Amino acid sequence: MITIDCKDVISIKNELLVYVADEMAAIPTLKHDQFTLSALDDDDIIDINKVVSAIKEFLNSIDQGGNFAVISNHNAIKIKSLSGNILESDIAEVQNNLLSCTHCGFVTQYEVELNTHMRIHYI
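In short, a report on the structure.

Quick look at the side chain of Asp 33 now. Its place among the elements puts Asp 33 in the loop between β2 (26-30) and β3 (34-39). Within the buried core, Asp 33 has no salt-bridge partner, and the shortest N-O distance to an opposite charge, that of Lys 7, equals 4.1 Å. Those residues in contact with Asp 33 that lie beyond four places of it in its chain are Asp 5, Cys 6, Lys 7, Ile 10 and Lys 13.

One non-glycine residue, Asp 63, lies in positive phi territory at about 60°. Mapped onto the fold, Asp 63 is located in the loop between α2 (48-61) and β4 (68-73). Here the phi dihedral of His 74 falls at roughly 55°; this positive angle occurs in a residue that is not glycine. Along the chain, the position of His 74 falls in the loop between β4 and β5 (76-81).

Residues Leu 114, His 117 and Met 118 constitute the buried set of helix α4 (residues 111-119). Mapping the buried residues of α4 onto a view down its axis gives an arc of 95°, with all of them on the same face. Across α4 from its buried face, at more than 90 degrees, point the exposed residues Val 112 and Arg 119. Buried residues belonging to α4 abut β6 (99-100) and β7 (107-108).

Another point: the packing of aromatic side chains. Counted by the stated rule, this structure contains 1 aromatic pair. Taking 5.6 Å as the distance between ring centres and 45° as the angle between the ring planes, the aromatic pair formed by Tyr 19 and Phe 58 counts as tilted. You can see Tyr 19 sitting in helix α1 (residues 13-24) and its partner Phe 58 sitting in helix α2, a full 39 residues away along the chain.

With that settled, consider α1. Compared with the 16 Å implied by 1.5 Å per residue over 12 residues, the 16 Å span of α1 between its first and last C-alpha is a close match. Along α1, the residues that are buried comprise Lys 13, Asn 14, Leu 16, Leu 17, Val 20, Ala 21 and Met 24. Angular distribution of buried residues about the axis of α1 spans 155°; they occupy a single face of the element. At the C-terminal side of α1, Ala 25 shows a positive phi close to 50°.

Next up on the list: the packing of α1 against α2. In contact at an axis separation of 9 Å, α1 and α2 are set at 135° when each is read in the N-to-C sense. As judged from the angle between their axes, α1 and α2 are oblique. Viewed along their axes, α1 and α2 form a crossing whose handedness is right-handed. Together, Glu 15, Leu 16, Tyr 19, Val 20, Glu 23 and Met 24 of α1 and Lys 50, Val 51, Ala 54, Ile 55, Glu 57 and Phe 58 of α2 make up the contact between the two elements. Looking at the contact of α1 with α2, its residues break down into 8 nonpolar, no polar and 4 charged.

Calculation criteria
Residues numbered from 1 in each chain as written. Predicted model: local features only at pLDDT ≥ 70, side-chain atom pairs only at ≥ 80, totals over all residues. Heavy atoms only, no water. Helix = DSSP H or I, 4+ residues; strand = E, 2+ residues; numbered from the N terminus. Buried < 20%, exposed > 50% of the residue type's maximum accessible area, 1.4 Å probe, protein only. Lys, Arg positive; Asp, Glu negative; His and termini not counted. Salt bridge = Lys/Arg side-chain N within 4 Å of Asp/Glu carboxyl O. Contact = heavy atoms within 4.5 Å. Arc of directions from axis to C-beta. Phe/Tyr/Trp six-rings, centres within 6.5 Å; stacked < 30°, edge-to-face > 60°. Expected span 1.5 Å × (residues − 1). Axes fitted to C-alpha atoms, helices over the stretch in contact; angles between N-to-C directions. Parallel < 35°, antiparallel > 145°, perpendicular 65-115°, else oblique. Left-handed = near helix turned anticlockwise from the far one by under 90°. Nonpolar A, V, L, I, M, F, W, Y, C, P; charged D, E, K, R; others polar.

None of this, on its own, says anything about what the molecule does.
So this is what it looks like as structure tokens:
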């Protein structure tokens, strides 16, 4: 399991989580100011260097790659602002309303969709 600290990019945490989890084919879990990635199979190991690369790709895609350092230490990654400024986003309000499946990390803004999705875990 790898933990990604998103304190300096909290406004884009959910978008980052979805992007990195898709790139790594890993199970994400949301936490207050961070998220974790777990391997799909207990025997698999997530390559932390690939996670760092995926985070950098995402930051570059939103023109923020030069403003943040991605620092890895064992099974932890920290995204740190180089200027000390925290990334602000217009979509932060919408992201606060996102709901996440506790089983697999599926993210939606609709409670009905989440409830329907969660039913597949019990079939």
